[in-house]
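If you want the building blocks of each chain, they are given just below.
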Amino acid sequence: MLTRRRLLISSLAAAGAAAGPLPIAARAAAPGSANIRIEIDPEGLYNVQSISLIVSNVLGGYLLERLVYLDEKGEPKPWLADSWQTSDDGKVITFKLKPGKTFHDATPFNAEAVKLLFDTILDPNSASPSKGIIGPLEKVDAVDDMTVRFTFSKPFAPFLGLLGQSFFGFNSPTAVKAAGSAYARHPVGTGPFMFKSWTPGTEIVLVRNPNFKQFRPDAANQGLPHLESVTLRVMTEEGVVASALQTGELDIAPLTADAMKPFDGDAEYVIITDKHAKNLMFMEFDYKKAPFSDRKFREAISYAIDRAGVLQAAFGGDGAIALGPLSRGIPGYDDAIAKDDGTPYDPAKAKEILDSLGWVSKDGGTRSKDGVPAHFTVRSYADGTTERALAVIQANLAAVGIQVDIGTADWGSFYPALLKPDWDMDLNRWTWSDPSVMSQLFRSPGHRQLLPPNAAIDSALDAADGELDFKKRMQDVSDAQKAILEDRLILPILTDWPITVTRKVVEGYRLDYLGYTYAGDLKIAAD
Amino acid sequence: MGRYLIRRLLLAAPVVVGILLITFLIKAAVPTDAVTAMYQGQMSEKDAAQAIAALRAKFHLDLPWYQQLMIYGRDLLHGDLGESIRLRRPVVDEIGFRYVNTLILTGVALAIALVVGVTTGVIAAAKRNTWLDVTATTVALFGISMPAFFFGLLLILVVSVWLRLLPVVPHGPIAILLPALSLGLIEAAPISRVTRTSMIDVLRRDYIRAARARGAGELSLILRHGLPNALLVVLTVVGLQIGNLLGGAFIIETIFSWHGIGELAVNSIKWRDFTLTQAIILVSALSYLFINLAVDVLYAWLDPRVEIQA
């Protein structure tokens with residue numbers, strides 16, 4: 001929907017673009033530093049307490065390092081860990097650490113630091129959001145200075161991949177103990193950059209770690225970071241961000257597809273899309289209620305949705321349509337299953353199925369069955385992208401004779417309200433790096449308590465979550481995708497690709513498999 | 001006067017209690033709280049149940065709303081505004097310096113609004129029906145019609161991107177210029193209109209005619225005899241404008257990354273961080289009460305005809 005606000009802002013953007021290529025002002029900062037936009041002020045830079053996207057990006061990209069990183073295929077590879085061994089029953093994983101790593105406060109990184117992180121997460125008094133992520137982890141032991149043993153109540157396959165996330169990056173035990181509750185304002189890690197200062201709501205300044213040792217073989221720069229400092233500037237309003245890119249006050253800025261337009265085709269800027277994005281926009285149903293309890297009816301709706309149209313309307317085409325139940329960026333995504341068992345846009349087929357189910361219309365308008373009209377509700381969270389997507393979906397469904405009313409509320413109201421059974425369909429979006437997201441959503445009773453037990457799906461998901469061998473696990477993940485898709489539990493729509501605009505003087509900006517910056521690779525060429 | 005002040009301050013107490021009551025009722029009607037908002041969509045709620053329950057108990061979110069209100073009231077009387085659920089630090093630490101920032105921004109904006117508004121208003125009245133008057137009135141019409149966030153973006157486009165006079169996000173003392181101008185110039189418009197009307201009205205009065213007959217110069221006529229009388233009406237408008245300024249600051253602060261209370265208010269509502277929202281509402285409400293009182297007292301002081309009765 002075109003609001004007054006959006007109209008005004010886009011006319012401004014157009015005015016900016018019409019002014020033509022602008023001379024770039026002298027950079028405010030020295031070439032040894034980069035200014036990078038962050039969308040909001042982090043609530044605190046301590047990964048035990050917060051795993052929000054912004055906290056993860058700041059900690060994961062610059063300050064903290066993990067035991068493993070994920071390679072191009074999403075397979076865990078040693079980073080601070082040297083190697084690991086899994087016990088035969090899959091319940092114990094023992095890591096050997098690489099020697100020679102020190103924290104920014106010069107204390108050594110060792111098994112004690114690993115143990116402290118996980119002990120703090122497991123302690124109920126920390127109320128850590130990470131605790132639920134590593135559910136079956138029972139205890140962590142420091143066997144010796146460089147050996148750590150993780151013990152689980154049952155084999156837990158997502159663990160190795162999740163270790164690459166910034167939630168499991170290491171903080172200096174000395175600093176954590178000394179700072180107490182103030183630690184979240186003074187993080188101390190082992191990463192390429194060190195925390196220097198934080199002006200709340202304005203900027204976070206990071207400086208080069210002069211003792212940095214690169215333990216990650218896939219980074220282009222194996223030496224000290226190129227930049228002397230990085231300033232993360234908190235800037236909320238996209239119109240202002242675009243202006244700051246034009247004046248050279250920002251070098252790197254994530255932007256939405258709308259705000260990116262003025263830079264498209266301008267030689268002064270480079271537009272980078274993250275094609276490893278791990279989000280999935282999808283529709284799901286109240287499976288307990290007729291007609292959504294019927295697999296065939298769900299299938300008809302799946303055929304009716306023009307995913308390319310939704311992608312264009314909601315994200316200006318920046319993304320990929322989805323036919324499988326897993327985001328393309330998640331390890332184990334199986335394109336063959338999506339192609340063979342997916343439901344590409346085919347309104348004729350949708351109509352045919354609806355006819356066969358007895359949902360008919362005499363005048364070509366809204367269908368009905370046994371006197372009940374095909375008139376349903378779709379819920380979603382309030383956001384420009386979902387609202388535009390819903391407009392297309394509503395038109396698509398109307399074209400096959402199904403009328404829907406749209407209801408949106410902000411996420412905090414929308415998501416809990418799904419627990420009350422007064423809705424028919426919802427448009428949802430989840431982002432997660434591990435295929436276990438499928439079990440979070442679709443292992444009975446499902447994330448909204450509406451799924452009847454389904455032995456085929458549940459056992460496929462359990463197998464995928466319990467297999468620690470990467471290759472074997474990927475096969476299990478394929479089986480699970482097939483089972484979920486065949487049952488039409490999910491109506492996959494698209495994965496959108498987050499966009500970053502950089503000035504052309506920026507070199508070495510790239511994101512790893514999990515979307516973290518290779519901060520040591522970043523370089524600013526002289527203007 | 002002293003008795004009047006005491007009476008007004010006593011009357012403020014039920015207003016504050018009423019505001020607290022209403023915000024707690026709204027909170028009771030909202031289906032989520034900060035803890036669920038923090039955890040939802042990030043992990044399996046089943047696995048997180050323990051962590052969620054621990055945090056909710058810590059912040060008394062598991063109690064019925066009236067018990068929460070009583071606990072909040074008790075803490076408040078002890079001068080304790082509580083701890084932010086999301087930021088995990090005392091609310092006072094987070095609000096204090098931001099409130100000062102907002103006061104500075106609205107103060108500078110108000111000064112700009114007054115200087116620009118009163119000057120153009122007086123000129124327009126003195127040069128009534130000339131091109132100066134028409135220009136001032138037309139510009140003021142644009143000012144009244146334009147939303148502050150749009151004017152802010154326009155200012156950035158012209159001043160920073162086209163003319164390269166100031167950085168988009170300036171640092172140091174000049175940082176206040178763009179946000180204060182965006183807020184102040186918009187608010188100057190109604191002040192200018194009211195000053196003009198009031199001034200025209202005053203200039204028609206007998207005492208002005210008498211002063212002119214006694215040979216007072218045109219400038220002294222306007223500034224000494226006319227303006228002080230015309231400003232009484234302007235003062236009432238300014239009292240209302242301060243409310244607008246505080247409201248407008250919510251948006252302007254977000255646009256210019258000005259670290260004030262408005263930006264925090266928006267986020268705290270988004271996060272459902274009720275302790276934070278509650279404290280901001282309380283501080284804003286007290287500010288309004290104080291400003292209203294100040295305007296009333298100032299009015300009586302400026303105009304001897306207005307008498308304050310206890």
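Note: the structure precedes this text.
Quick summary incoming for the structure in this document. It should be emphasised that the depicted structure is a prediction, and the values quoted were computed from it without experimental measurement.

## Focus on the overall build of chain B
Next, step 1: Regarding its fold elements, chain B presents twelve helices and zero strands.
Next, step 2: Across chain B, helices and strands are ordered from the amino to the carboxyl terminus as α-α-α-α-α-α-α-α-α-α-α-α.
Next, step 3: Seen through its principal axes, chain B has C-alpha atoms that stretch 85 × 55 × 30 Å.
Next, step 4: When the 310 residues of chain B are sorted by exposure, 49% land in the buried category.
Next, step 5: Here the contacts in chain B between residues at least 6 apart in sequence split such that 75% fall between residues at least 24 apart.
Next, step 6: With an accessible surface of roughly 15,300 Å², chain B has 69% of that area assigned to carbon and sulfur atoms.

## A look at the nonpolar core
Next, step 1: By size, the foremost hydrophobic cluster in this structure holds 113 residues, and its most contacted members are Leu67, Phe118 and Phe150 of chain A.
Next, step 2: Counting residues per element, this core draws most heavily on helix α3 (residues 111-122) of chain A, which supplies seven residues.
Next, step 3: Look past the residues within four positions of Leu67 of chain A in its chain and what remains in contact with it is Lys77, Pro78, Trp79, Leu80, Ala81, Phe95, Leu97, Phe109, Val114, Phe150, Leu163 and Phe170 of chain A.
Next, step 4: Ranked by size, the runner-up nonpolar core spans 66 residues in total, among them Leu245 of chain A together with Ala113, Val118 and Ile176 of chain B.

## Some points on the sheet that holds strand β7 (residues 147-152) of chain A
Residues and elements named next belong to chain A.
Next, step 1: As summarised here, the arrangement of the four strands in space is β4-β5-β7-β6, forming an open sheet in which the pairing is antiparallel. Since the sheet does not close on itself, it has two edges, and those belong to β4 (81-86) and β6 (137-144), each with one partner. Ignoring strand direction, the axes of neighbouring strands in this sheet form an average angle of 20 degrees.
Next, step 2: Summarising the sheet, strand β5 (residues 92-97) and β7 pair through five bridges and their orientation is antiparallel. Bridge pairing links Ile93 to Phe150 in β7.
Next, step 3: The sheet contacts of α3 involve β5, β6 and β7, and relative to β6 the element is tilted by about 160 degrees.

## Side note on the side chain of Ser182 of chain B
Residues and elements named next belong to chain B.
Next, step 1: Within the secondary structure, Ser182 is located in helix α8 (residues 177-203).
Next, step 2: One polar contact links the side chain of Ser182 to the main-chain carbonyl oxygen of Leu178, over a distance of 2.7 Å.
Next, step 3: What Ser182 contacts, discounting residues up to four positions off in sequence, is Phe151, Gly152, Leu155, Ile252 and Phe256.

## Some remarks on a nonpolar patch on the surface
Next, step 1: Residues Val158, Trp162, Leu163 and Leu165 of chain B make up a contiguous nonpolar surface patch of about 390 Å² in total accessible area.
Next, step 2: Looking at where Val158 of chain B falls in the secondary structure, it is placed in helix α7 (residues 148-162).

## A word on the sheet that holds strand β13 (residues 279-285) of chain A
Residue and element names in this part refer to chain A.
Next, step 1: If you walk across this open sheet you meet the six strands as β14-β20-β13-β19-β17-β18, and the pairing is mixed. Edge positions in the open sheet fall to β14 (319-321) and β18 (403-409), since each of these has one partner strand only. This sheet shows a mean twist of 25 degrees between the axes of neighbouring strands, independent of strand direction.
Next, step 2: The pairing of β13 with strand β20 (residues 491-496) spans three bridges and is classified as antiparallel. Within the sheet, the bridge partner assigned to Phe282 lies in β20 and is Pro492.
Next, step 3: Contacts from helix α12 (residues 384-399) reach β13, β17 (375-381), β18, β19 (425-431) and β20 within the one sheet, and its direction differs from that of β18 by about 170 degrees.

## Considering the packing of helix α1 (residues 2-29) of chain B against helix α4 (residues 65-77) of chain B
Residue and element names in this part refer to chain B.
Next, step 1: Two elements in contact, α1 and α4, have axes whose closest approach is 10 Å; the angle formed by their N-to-C orientations is 140 degrees. By the angle class used here, α1 and α4 are oblique. Considering only the axes of α1 and α4, their crossing is right-handed. Between α1 and α4, the residues in contact are Leu20, Leu21, Phe24, Leu25, Lys27 and Ala28 and Trp65, Gln68, Leu69, Tyr72 and Leu76, respectively.
Next, step 2: Here the residues of the contact of α1 with α4 sort into nine nonpolar, one polar and one charged.

## Some points on the side chain of Asp286 of chain A
Next, step 1: Assignment of secondary structure puts Asp286 of chain A in the loop between β13 and α8 (295-304).
Next, step 2: Once you skip the residues sitting within four places of it in the chain, Asp286 of chain A turns out to touch Phe292, Pro421, Trp423, Asp424 and Leu450 of chain A.

Calculation rules
- Residues numbered from 1 in each chain as written.
- Chains lettered and ligands numbered in written order.
- Predicted model: local features only at pLDDT ≥ 70, side-chain atom pairs only at ≥ 80, totals over all residues.
- Heavy atoms only, no water.
- Helix = DSSP H or I, 4+ residues; strand = E, 2+ residues; numbered from the N terminus.
- Buried < 20%, exposed > 50% of the residue type's maximum accessible area, 1.4 Å probe, protein only.
- Contact = heavy atoms within 4.5 Å.
- Areas by Shrake-Rupley, 256 points an atom, 1.4 Å probe, with all protein chains shown as cover.
- Core = buried A, V, L, I, M, F, W, Y, C linked by side-chain atoms within 4.5 Å.
- Pairing = 2+ DSSP bridges.
- Axes fitted to C-alpha atoms, helices over the stretch in contact; angles between N-to-C directions.
- Polar contact = N/O pair within 3.5 Å; in protein donor to acceptor, adjacent residues only side chain to side chain.
- Patch = residues over 30% accessible without salt bridge, like charges linked within 9 Å, V, L, I, M, F, W, Y side chains within 5 Å.
- Salt bridge = Lys/Arg side-chain N within 4 Å of Asp/Glu carboxyl O.
- Parallel < 35°, antiparallel > 145°, perpendicular 65-115°, else oblique.
- Left-handed = near helix turned anticlockwise from the far one by under 90°.
- Nonpolar A, V, L, I, M, F, W, Y, C, P; charged D, E, K, R; others polar.

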